[in-house]
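Examining the three-dimensional arrangement
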Amino acid sequence: FTADPRVERRVSDHLKRFTLILARETETVSYLESLGVTDNVKLVADPAFLMAPVEPILPDTLKDFIEQSPIGINLSAFAGKFITSLSHDDWKKIAKDCTRALLEADLGPILLVPHVFKETNDDHKFLEEISREINAPGEKLAILPKTLSAAELKWVISKLQAFAGARTHSTIAALSSSVPTISIGYSMKARGINKILIITTINTKPIISIINF
């Protein structure tokens, strides 16, 4: 709320009236402290870190693809809205160019991982457009169906060799499965979650990075 100090004051007064605020990372806690909201704030872990993965029923071709430990990518039209100078088509071109660059680097097959499927906010629709326009061979590029549950998506993400995601819970699925992860962040929650994980996973497998818009 820092863009509008008047709104920020009203919101901070409102938040002080809450009995309890559960914040899942330190950047949010620090921000609330800067507003004088402290007594009712507790730092907690996002429950998604402990969610048990569930193996989904997938077509044989997709199962074989995942067994190759592909690189996973989660991008959304929603993320592009935080680059205010770009249109939807501009953002889609960036997403498409990045995906094509990974394919050309020949680091392994690429799996597109949609994670939110709301009618007006559908990762699958966005990633399907990218897949269709790249038109790469099926053994190089695949996309998950939009029928998987959060636990099933976590199982798939746990099988990847590396993951880059814009949706917070897609990156949590990767981080909590010890998959090297890049968070494409557009809010303080991404910074906060990665900051905590960097501190707690020094000298362990995950490689944690963040790109901010």
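It should be noted that the structure appears before, not after, this text.
Read on for a plain summary of the structure. (Residues numbered from 1 in each chain as written. Predicted model: local features only at pLDDT ≥ 70, side-chain atom pairs only at ≥ 80, totals over all residues. Heavy atoms only, no water.)

So, on to the overall build of the protein. A count of helical and extended segments in the protein gives 9 helices and 10 strands. Taken over the C-alpha trace, the protein has a radius of gyration of 19 Å; the compact-globule value for 213 residues is 17 Å, and the two agree within 12%. Viewed in the frame of its principal axes, the protein has a C-alpha envelope of about 55 × 35 × 30 Å. Out of the 213 residues in the protein, the part that is buried amounts to 44%. (Helix = DSSP H or I, 4+ residues; strand = E, 2+ residues; numbered from the N terminus. Rg over C-alpha atoms; globule rule 2.2 N^0.38 Å. Buried < 20%, exposed > 50% of the residue type's maximum accessible area, 1.4 Å probe, protein only.)

Here we take up the packing of aromatic side chains. Taken as a whole and assessed by the stated rule, the structure comprises 1 aromatic pair. On the numbers, 6.5 Å between centres and 10 degrees between planes, the contact of tryptophan 91 with phenylalanine 126 is stacked. Of the two residues, tryptophan 91 sits in helix H5 (residues 88-105) while phenylalanine 126 sits in helix H6 (residues 123-134), which places them 35 residues apart along the sequence. Each member of the pair, tryptophan 91 together with phenylalanine 126, is buried. (Phe/Tyr/Trp six-rings, centres within 6.5 Å; stacked < 30°, edge-to-face > 60°.)

Another point: the side chain of arginine 167. Looking at where arginine 167 falls in the secondary structure, it is placed in the loop between strand S8 (162-165) and helix H8 (168-175). Using a relative accessible area of 8% as the deciding quantity, one classes arginine 167 as buried. Setting aside residues up to four positions removed in sequence, arginine 167 forms contacts with Asn74, Ser76, Phe78, His115, Val116, Asn121, Asp123 and Tyr186. (Contact = heavy atoms within 4.5 Å.)

Attention shifts here to the nonpolar core. Ranked by internal contacts, the top residues of the largest apolar core, which has 18 residues, are Leu62, Leu111, Leu144 and Val156. Only helix H3 (60-66), helix H7 (150-158) and H8 provide two or more residues apiece to this core. Element by element, the count of residues in this core is highest for H7, at 4 residues. Setting aside its immediate chain neighbours within four residues, valine 156 contacts Pro56, Leu58, Ile66, Leu111, Leu144 and Leu148. Counting residues in hydrophobic clusters, the runner-up holds 17 residues, among them Ala79, Ile110, Phe126 and Ile134. (Core = buried A, V, L, I, M, F, W, Y, C linked by side-chain atoms within 4.5 Å.)

Turning our attention to the packing of H5 against H6. Between H5 and H6, the least distance of the axes is 10 Å, while the angle of their chain directions is 60 degrees. Relative to H6, the element H5 lies oblique. Crossing geometry of H5 relative to H6 is assigned as right-handed. Of H6, the residues touching H5 (which contributes His88, Trp91, Lys92, Ala95, Lys96, Thr99, Arg100 and Leu103) are Phe126, Glu129, Ile130, Glu133 and Ile134. Classifying every residue of the contact of H5 with H6 gives 6 nonpolar, 2 polar and 5 charged. (Axes fitted to C-alpha atoms, helices over the stretch in contact; angles between N-to-C directions. Parallel < 35°, antiparallel > 145°, perpendicular 65-115°, else oblique. Left-handed = near helix turned anticlockwise from the far one by under 90°. Nonpolar A, V, L, I, M, F, W, Y, C, P; charged D, E, K, R; others polar.)

The next thing to look at is H8. Taken across its 8 residues, H8 has 7 buried, putting it largely inside the fold. Burial in H8 covers these residues: Thr168, Ser170, Thr171, Ile172, Ala173, Ala174 and Leu175.

A separate point is the pairing of S8. Two strands pair when backbone bridges link them, and strand S3 (residues 71-74) and S8 are joined in this way by 4 bridges, in the parallel orientation. Residue isoleucine 71 lies in a different strand from S8, and its bridge partner there is alanine 162. When S8 meets strand S9 (residues 181-185), the two strands line up parallel, connected through 3 bridges. Within S9, the position partnered with phenylalanine 163 by the bridge is threonine 181. (Pairing = 2+ DSSP bridges.)

These figures come from the coordinates and say nothing about function on their own.
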